[in-house]
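Geometric and topological summary
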Amino acid sequence: VTSSDPTVFLIDDDASVLRAVERLLRAAGFHVSPFDSPAQFLEQCDTDIRGCIVLDVQMPHVNGLELQGELRAKEVTLPIIFLTGHGDIPMTVRALKQGALDFLTKPIQGEALIDAVRAAIASDAAQRLARAEVAEIRRRLATLTPREYEVFGHVLAGRLNKQTAADLGTVEKTIKVHRARVMDKMQARSVAELVHLAERAGIAASSHSD
Amino acid sequence: LGIRGSFAIMLYSVARAGMDWVTITWSMVAAACLTLAAVHFSIWMRQRHAGAHFVFSCSAVSAAAVAGFELGMMRSQTPEQYESIVRWTHPAIFTLVVSLVCFVRLYLHAGRYWLAWGAICLRGLALVLNFAFPTNLNYLEITGIRQVAFPGGNWVSVAEGRANPWTLVGQLSSVLLLIFFVDALITVWRRGDRRRAIVLCGSTIVFIVLAAGHSALVTWGVIQTPYFISIAYLGIIAAMGYELSSDVVRAALLGRQLQTNETALRDSEQRMDLAAAAAGLAMWRWDIGRDEVWMSDRGRTLFGYSSSEPLNLDRLLQIVHPDDRDALVHAIANSMNGDGDYESEFRIIPADGRMRWIAGRGRVEFSNVNGNKPLRMRGVSIDITDRKQAELESQQQRAELAHLSRVTMLGELSASLAHELNQPLAAILSNAEAAQRFLARETVDLDEVRAILKDIIQDDNRAGEVIRRLRLLLKKGEPQRQELDLNETIQDVLKLVNSDLLNHRVSVHTELEASLPAVGADRVQMQQVLLNLIMNGCDAMTDTEVTDRDLTLRSESTLDNAVHVSVVDHGCGIPPAHIEKVFAPFFTTKVTGMGLGLAVCRTIISAHGGRLWASSNAAGPGVTFHFALPQLVRGDK
């Protein structure tokens, strides 16, 4: 098993349930890593692993919801599918608010679990892809000079070169040069693409100071 | 009195007529003596053990003989005749002395033996000497007969001659006899029986002084009169007559008293019967040695025996319920070997076939001698069927209440119980689906499938076990006492509430004494009590920090032969003023509870002869609930 394979981390304190669900997922072709306590899992997990977590809510010492919290704190972003014997509404709401992907009630229908796991792994992959894109945009952004960054802001705000030159106290020609360099560094072919990249990276347009 | 009265009248009339009153008087003395002898002899004939009457009648016959001889002396014409009569008087005097001594010993149990033997032996020696001398003990020789005039013109013969110095032996015997009687008088007087001392000993002493003293004076020739021994004996006759008449009066009194007592006895017997009948008591007595049982009519009715049927222990045991027979025999044996108190409750099935409950109470009477051997047993039995029925009913009601409370509690536990059941079901389903997928593959891993099937069976058993436990708790049945290891019960209960504890975020610690002595208890009810205490502990810790939600279960044996179980929580605690109130019915701090749980628990533990109580924790917050049950003694049921 290479670390690049997506892994289903299965956590349940009930040994026989753990064994059974592990078998089911394995039979469905997943790579499964079972743990009988959250503590054991916390020791082994890191942010690089791909896959998802299938987690029992009711466990002694640290329960599923608490583990979810701890993972968030550790910036482990693996999607979580909760399993519960009897899910009550407040518990479900809390889990979903904290970012749970799914909430399944035992006894689990195999198909439902497998679908959920598949969706979770896909979601994890998508998340990772998105995160990689943002990282790339940020990397490009980091190559901009402060002046270029200023001009970038004005472009995002939709201002004309003439207006930007007036704001920055320079001539239109200079702004044009900066703008071309920004487009080049950000690898954007059009202004629309540049705006899209900025949105992905979460950069807001610079406020207009009239 | 009659004898004395008629005697006096006759004496008087004879004297007035100038008849030979001497002959008549002495004859009458003899007759009186013989009458008295006859009376006492006849008493002795009827009461052979009363030897005193026999010896007294001997003394009276002797006195009659002496009277005859005295009359002979007074009427003798020649010295030879007089000598011979004096000689034959001595055997009569001997028997008189012996019988008087015997009488005092037998009738009054007084007088020293050496004095008695001294007097008798000396008198015996005198008798021997009497016949050894050619004449007699009194005279060496009688030289002549002199006629002496008595008032009323009667002449009587008096001897003249030389006194025999050996006559002192007889007189010494009389002195010893006198001392013997004085000694007896003092003894009887001191004993407190003054009347008898005066009447019997006093009269005899007067007789001896008069008879012996006067005889000595006559023999030594100091005075010239005939011997008057028999006349002196009249005093004894009077005394004995008085004693006899007072005996008759006393006998009559006693008879009347006896009659009164008998009436009182019958009265008290009737009262007793009435009381026994009113209380429904059957009385019985068992003669252990002969194995015979007497039973009052009520008892025979109660036990269904006919009134004439002879009873013994075996016959009684025959109708005792076979299940109770051993216990009853045991109780009887215990009372005979122990302090004698008998108490038991048992069922009987009399001839009519209607079972009844009987309570028996009794006492064994032991022989004072013979090493405390049990002689007989007395007691009462009473029909307690109604009470037992009521007891049974209240027991049933208790069981029903316990059941109700159990069902309520299980309702509260339902989520947790569903989880316990859900887990194995979930595992089974996942395993089965996994197996389906494995089997659908081109190459089937049979080992994997085998492992799955094994797990499915195991999980199915686990689910079955949960259901079995639940059914046991939900079952509505008579509580059944059995040998129970409370540690096992604690573990069982923890399995049931495991999920509830998880939900409450409570961690459980057990401190169970290894090889805890067993108790005799109903398993389900003990589970119920433990469940209740554990759930209460959990509920009490709702507001406690999650890290402090600790419940400790402890079991230990105590010095007073009990098993002590405690459930320690770290909850909010109970104010001291309320710590006893929590056991009251309908006391609750919960929104959902009925407030019956602890009240029912206390009833359960009490019914098992134990105690349930609560105490605030000494160190830290929270409450400890305790219960103690007596250890099972081997042989208990």
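Residue positions are given per chain, counting from 1 as you read along its sequence in written order. Lettering of chains starts at A and numbering of ligands starts at 1, both following the order in which they are written. Under the rules for a predicted model, residues below a pLDDT of 70 receive no local features and side-chain atom pairs below 80 are neither given nor counted, while totals for whole chains, interfaces and linings still include all residues. As a rule here, side-chain values come from all non-hydrogen atoms in the structure, and water together with hydrogens is ignored.

1. What to know about the overall build of chain A
Selection criterion: Labels follow the DSSP assignment, with helices taken as runs of H or I lasting at least four residues and strands as runs of E lasting at least two, numbered in each case from the N terminus. Accessibility here uses a 1.4 Å probe with only protein chains present; expressed as a share of the type maximum, an area under 20% marks a residue as buried, one over 50% as exposed, and anything in between as partly exposed. Note on contacts: a residue pair is in contact if any heavy atoms of the two residues lie within 4.5 Å. For every accessible area listed, the method is Shrake-Rupley and the probe measures 1.4 Å; residues are considered covered only by the protein chains on display.
In terms of regular secondary structure, chain A is built from nine helices and five strands. Overall, chain A shows an N-to-C arrangement of helices and strands of β-α-β-α-β-α-β-α-β-α-α-α-α-α. Taken over 210 residues, chain A has a buried fraction of 46%. Relative to all contacts within chain A whose residues are 6 or more apart in sequence, the contacts with residues 24 or more apart total 65%. Of the accessible surface of chain A, which amounts to about 10500 Å², a share of 54% is contributed by carbon and sulfur atoms.

2. Some details on helix α15 (residues 486–503) of chain B
All names here are of chain B. Counted only if it meets this: Take the residue count of a helix, subtract one, and multiply by 1.5 Å to get its expected span. Bend is computed residue by residue as the angle between axes fitted to the seven residues ending at the residue and the seven residues starting at it. Counted as a polar contact is a pair of N or O atoms within 3.5 Å, where, for protein atoms, one must be capable of donating a hydrogen and the other of accepting one, and residues adjacent in sequence contribute only when both atoms are in side chains.
For α15, built from 18 residues, the straight-helix expectation of 26 Å at 1.5 Å per residue is met to within 8% by its first-to-last C-alpha distance of 25 Å. Its maximal kink placed at valine 497, α15 deviates by approximately 55 degrees. Where burial is concerned, most of α15 is hidden: 13 out of the 18 residues are buried. Backbone nitrogen of asparagine 487 and a side-chain oxygen of the N-cap are separated by 3.0 Å at the start of α15; the cap is aspartate 485. Positive backbone phi, approximately 60 degrees, marks arginine 505, located one or two places after α15.

3. Considerations on the sheet that holds strand β4 (residues 292–295) of chain B
Residue and element names in this part refer to chain B. How we decide: Between any two strands, pairing holds if DSSP finds at least two bridges. Lines are fitted to the C-alpha atoms to define the axes, a helix being fitted only along its stretch in contact, and any angle between axes, read from their N-to-C directions, falls within 0 to 180 degrees.
The five strands lie next to each other as β4-β3-β7-β6-β5, forming an open sheet whose pairing is antiparallel. The outermost strands of the open sheet, each flanked by one partner alone, are β4 and β5 (341–348). Averaged over all pairs of adjacent strands, the angle between their axes in this sheet comes to 20 degrees, without regard to strand direction. Its contacts with the sheet place helix α8 (residues 229–279) against β3 (281–287) and β7 (374–383), and it is angled at close to 115 degrees to β3. Across the sheet, helix α11 (residues 322–337) touches β3, β5, β6 (356–366) and β7, and the angle it forms with β5 is around 170 degrees.

4. Focus on the nonpolar core
All names here are of chain B. The criterion, for reference: The term nonpolar core refers to a set of buried residues drawn from Ala, Val, Leu, Ile, Met, Phe, Trp, Tyr and Cys, joined through side-chain atoms within 4.5 Å.
Core analysis: the biggest nonpolar cluster contains 64 residues, and Val22, Phe103, Phe181, Phe207 and Tyr233 have the highest contact counts within it. Non-local contacts of phenylalanine 207, meaning those with residues more than four positions away in its chain, are made with Leu96, Leu100, Ala212, Ile229, Ala232, Tyr233 and Ile236. Grouped together as the second largest cluster of nonpolar side chains are 49 residues, Val493, Leu494, Val524 and Ala614 included.

5. What about the pairing of strand β3 (residues 51–56) of chain A?
All names here are of chain A. Within β3, six of the six residues are buried, which leaves it mostly tucked inside the rest of the structure. The sheet contact formed by strand β1 (residues 7–11) and β3 spans five bridges and is parallel. Counterpart to leucine 10 in the pairing with β3 is valine 54. With four bridges connecting them, β3 and strand β4 (residues 80–84) associate as parallel partners.

6. Structural notes on the interface of chain A and chain B
Rules: By buried area we mean how much accessible surface two parts lose on assembly, using a 1.4 Å probe and totalling the loss over both. The rule for a salt bridge is simple: a side-chain nitrogen of Lys or Arg has to be within 4 Å of a carboxyl oxygen of Asp or Glu.
Between chain A and chain B, the contact holds 30 residues from the first and 25 residues from the second. Buried surface at the junction of chain A and chain B, both sides included, amounts to about 2200 Å², of which 45% is carbon and sulfur. Of all residues in chain A, Arg23, Ala27 and Gln58 of chain A bury the most surface against chain B, accounting for 26% of the area lost on that side. Along the contact surface separating chain A from chain B lie seven salt bridges. Here arginine 505 of chain B makes a salt bridge to glutamate 66 of chain A, at a shortest N to O gap of 3.1 Å. Across the contact surface, chain A and chain B share 16 residue pairs in polar contact (both at pLDDT 80 or more).

7. Quick notes on the packing of aromatic side chains
Residue and element names in this part refer to chain B. Rules: Centres within 6.5 Å are what make two rings of Phe, Tyr or Trp a pair, Trp counting through its six-membered ring; a difference in plane orientation under 30 degrees is then read as stacked, over 60 as edge-to-face, and the rest as tilted.
Following the criterion strictly, the structure yields 15 aromatic pairs over all chains and no others. Between tryptophan 44 and phenylalanine 54, the aromatic rings sit 4.6 Å apart at their centres with planes inclined by 40 degrees, giving tilted as the arrangement. Of this pair, tryptophan 44 sits in helix α2 (residues 21–46) while phenylalanine 54 sits in helix α3 (residues 51–75); the two residues are ten residues apart in sequence, bridging distant segments of the chain. Assessed through its relative accessible area of 17%, tryptophan 44 is described here as buried. Ring centres 6.0 Å apart and planes at 75 degrees place the aromatic pair tryptophan 284 and tyrosine 342 in the edge-to-face group.

8. Some points on the packing of α2 of chain B against α8 of chain B
All names here are of chain B. For the record, the criterion: Here a crossing is taken to be left-handed if its near helix is turned anticlockwise relative to the far helix by less than a right angle, and right-handed if that turn runs clockwise. Only Asp, Glu, Lys and Arg are considered charged in this grouping, and only Ala, Val, Leu, Ile, Met, Phe, Trp, Tyr, Cys and Pro are considered nonpolar; every other residue, Gly among them, is considered polar.
Two elements in contact, α2 and α8, have axes whose closest approach is 10 Å; the angle formed by their N-to-C orientations is 35 degrees. Remark: the crossing between α2 and α8 carries left-handed chirality. For the pair α2 and α8, contact is made by Thr25, Trp26, Val29, Ala32, Cys33, Leu36, Val39, His40 and Ile43 and by Ser230, Ile231, Tyr233, Leu234, Ile237, Met240 and Leu244, respectively. A per-class count over the contact of α2 with α8 returns 13 nonpolar, three polar and no charged.

9. Examining the environment of leucine 470 of chain B
Residues and elements named next belong to chain B. By the secondary structure assignment, leucine 470 is in helix α14 (residues 446–474). By relative accessible area, which is 17% here, leucine 470 ends up buried. C-alpha of leucine 470 to C-alpha of leucine 417: the two residues are 53 residues apart in sequence and 8.5 Å apart in space. Apart from the residues within four sequence positions on either side, leucine 470 is in contact with Leu410 and Leu417.

10. Examining the sheet that holds strand β14 (residues 623–630) of chain B
Residues and elements named next belong to chain B. If you trace the five strands from one edge of the open sheet to the other, you get β9-β11-β12-β14-β13, paired in mixed fashion. In this open sheet, the two strands that pair with only one neighbour each are β9 (507–512) and β13 (611–616). The mean inter-strand angle of the sheet, taken between neighbouring strand axes irrespective of direction, is 15 degrees. Judged from the six bridges that link them, strand β11 (residues 550–557) and strand β12 (residues 562–568) form a sheet pairing that is antiparallel. Each residue of the ladder has a partner; that of arginine 554, found in β12, is serine 566. Packing against the sheet, α15 makes contact with β9, β11, β12 and β14, and its axis sits at approximately 175 degrees to β9.

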